[in-house]
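# Understanding the architecture of this molecule
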Amino acid sequence: MAFSFLHELFLASLLLLLIPLYRQFKSKSSKTNPARPTDWPVVGMLPSLIANIHDFHGYATALFAASGPGHSYEETGTEAPFSTSVRFFCTCDPANVRHIFVSNFPNYPKGEEFASFFDTMGGSFFNADGESWRRQRARVQHLMASPRLLVFMAGSCCDKVEKGLMPALARAASALAPFDMQELLTRFAFDMTAMPVFGVDPGLLSVHMPPMDVPSAMDAVMEVGFFRHTVPISCWKLMRRLSIGPERKLAVAQPLLRQFVAEMLQKRAHDGAHLDIVSSYIVDPEYVGEDREPMDFLYATLINYMFAGRDTERTGAHRRLPANGGNSKSGMAVFEPNETKPLVYLSAALFESMRLHPPGPIERKAVLADDVLPSGHEVRAGDTVLISVYSMGRMERVWGEDCAEYRPERWVTEDGGGAALRHVPAHRFMPFNAGPRSCLGKDVSVAQMKSAAAAVVWNFDLDVVPGHVVEPKLSVVLQMKNGLVVTAARRGSDAATSGKRAFCRGS
């Protein structure tokens, strides 16, 4: 599918490419640094990306390993209608990241160009800068401090693990047939995110397994966002006007997402719990009109929440379960967040996974004023900074000679009487961002991930089907193009409370 829309791009612009590409090649071929991609007119980095599209993030990591902590290049096009000139600085250096995200944060907003890439989310907090972002973040922070909402979120997650994820895995194990674990977890994450946002369960993870139309639309937004990063703005805007290539796919996805929000709001009005995120917005005239009808800003904000919950790690809070030690009625063990706190090695395994496979592999920032980075590189007002979170997690100078290895032990240290999780500053480990934009729900999110992971590991053995090819999808969010096809087998059904508690103590 990725190659089909790239093919359409070539057909739409082939005649415009020939002369500028030749002219650029003649004038710059002798100056080009072989350790970085050529910045061609009209299509920018696209030729290099196509040549390495099967392993884009690995390609970027190799470039950083060869070229040092960062490098600049300029994307220039002088042929109408694609006139453009944009300077980029790319880095994966933790010192630069700390400077950009923490020390000199006001100088590096997301910028209007970034917001245009993700116009589906309008002016919501994902795209916003300045006072608008501060105001919206303060609201989110207030929501995340609400004990009632946090209890509801935790309950939604635990219920979905016990009544959705565990039964789905049990059915897959009984069928003795391979299944896509990525799809199953997408359904799980989608329901678990929508429930606290709208107060109702969309039921994507149910016995009937309804179509994945809305999650697929969300995927389209992120895939097109990635594509828009790789070509000049004038190019993708022309494609949007002509409704060709990936822009045609996005044009279908956006109204589908809006329709989903409208349906959930309607369902909420009839049978919602009203302990939800929507409750904080539907009385605000900035989000709802005088006729009580939702405004575009509310739609964009709720879509933003769906992406924040599904494409990053979920948020939740502690909850007490019945006095049966957490074992579900099906005989499978489930874990509340408090029970997983001692599981240091499980935390280490999750963090190591996110080091090598961060949910958001790329960050993008604009530059407001000229600046000099800790690496010595200069950036100018109007430049764009690209931070490869994926590459930073695989740099030998950051993580040592074994940086490419999955080794949870690197996160474990001895602290007095036992093992403890090693602290790594956020500017070196960025799945939850860093600085003022850092994730407000990081701690409870990790607790929820551990609860779900512990339940899966305790109750099932999962094996990847031999020969299954795992490669990344072209998206702003790190996903597997072909899914993760596995088989499942039930472990012993006598998950006794004493054994589960020993498991919790034995990490």
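Further up the page is the structure itself.
On to the overall build of the protein. Looking only at helices and strands, the protein features 18 helices and 11 strands. Scored against the burial criterion, the 507 residues of the protein give a buried share of 52%. Within the protein, contacts between residues separated by at least 24 positions form 72% of all contacts whose residues are at least 6 apart in sequence. Carbon and sulfur atoms make up 57% of the accessible area of the protein, which amounts to about 22,700 Å² in all.

This part takes up the sheet that holds strand 11 (residues 485-490). Two strands in a sheet stick together by hydrogen bonds in their backbones, pointing the same way (parallel) or opposite ways (antiparallel). Spatial strand order, 3-11-10: three strands in an open sheet with antiparallel pairing. Each edge of the open sheet carries a strand with a single partner, namely strand 3 (179-180) and strand 10 (460-464). In this sheet, strand 11 lies alongside strand 3 in antiparallel orientation, the contact comprising two bridges. In the sheet register, phenylalanine 179 faces strand 11, and the bridge partner there is valine 486.

On to the packing of helix 8 (residues 181-198) against helix 11 (residues 245-271), then. Remark: helix 8 packs on helix 11, axes separated minimally by 11 Å, with the N-to-C direction vectors making an angle of 55 degrees. As judged from the angle between their axes, helix 8 and helix 11 are oblique. For the element pair helix 8 and helix 11, the recorded crossing hand is right-handed. The segment helix 8 lies against helix 11, with Phe190, Ala194 and Phe198 engaging Phe260, Val261, Met264, Leu265 and Arg268. Of the residues contributing to the contact of helix 8 with helix 11, the split by class is seven nonpolar, no polar and one charged.

Scanning the model with the defined rule gives 17 aromatic pairs in all. With centroids separated by 5.6 Å and ring planes inclined at 50 degrees, the aromatic side chains of phenylalanine 105 and tryptophan 133 adopt a geometry described as tilted. Placement of the pair is phenylalanine 105 in the loop between helix 4 (94-103) and helix 5 (111-117) and tryptophan 133 in helix 6 (residues 130-144), with a sequence separation of 28 residues. With respect to burial, phenylalanine 105 and tryptophan 133 carry one shared label: buried. The structure contains a cluster of three or more aromatic residues connected by ring pairs, namely Phe125, Tyr281, Tyr287, Phe297 and Tyr305. If you follow lysine 110 out to its NZ or CZ, it ends over the ring of phenylalanine 126, 4.1 Å from the centre. Positioned over the ring face of tryptophan 399 is arginine 428, at 4.8 Å from the centre of the ring.

Parameters and conventions
- Residues numbered from 1 in each chain as written.
- Predicted model: local features only at pLDDT ≥ 70, side-chain atom pairs only at ≥ 80, totals over all residues.
- Heavy atoms only, no water.
- Helix = DSSP H or I, 4+ residues; strand = E, 2+ residues; numbered from the N terminus.
- Buried < 20%, exposed > 50% of the residue type's maximum accessible area, 1.4 Å probe, protein only.
- Contact = heavy atoms within 4.5 Å.
- Areas by Shrake-Rupley, 256 points an atom, 1.4 Å probe, with all protein chains shown as cover.
- Pairing = 2+ DSSP bridges.
- Axes fitted to C-alpha atoms, helices over the stretch in contact; angles between N-to-C directions.
- Parallel < 35°, antiparallel > 145°, perpendicular 65-115°, else oblique.
- Left-handed = near helix turned anticlockwise from the far one by under 90°.
- Nonpolar A, V, L, I, M, F, W, Y, C, P; charged D, E, K, R; others polar.
- Phe/Tyr/Trp six-rings, centres within 6.5 Å; stacked < 30°, edge-to-face > 60°.
- Lys NZ or Arg CZ within 6 Å of the ring centre and 35° of its normal.

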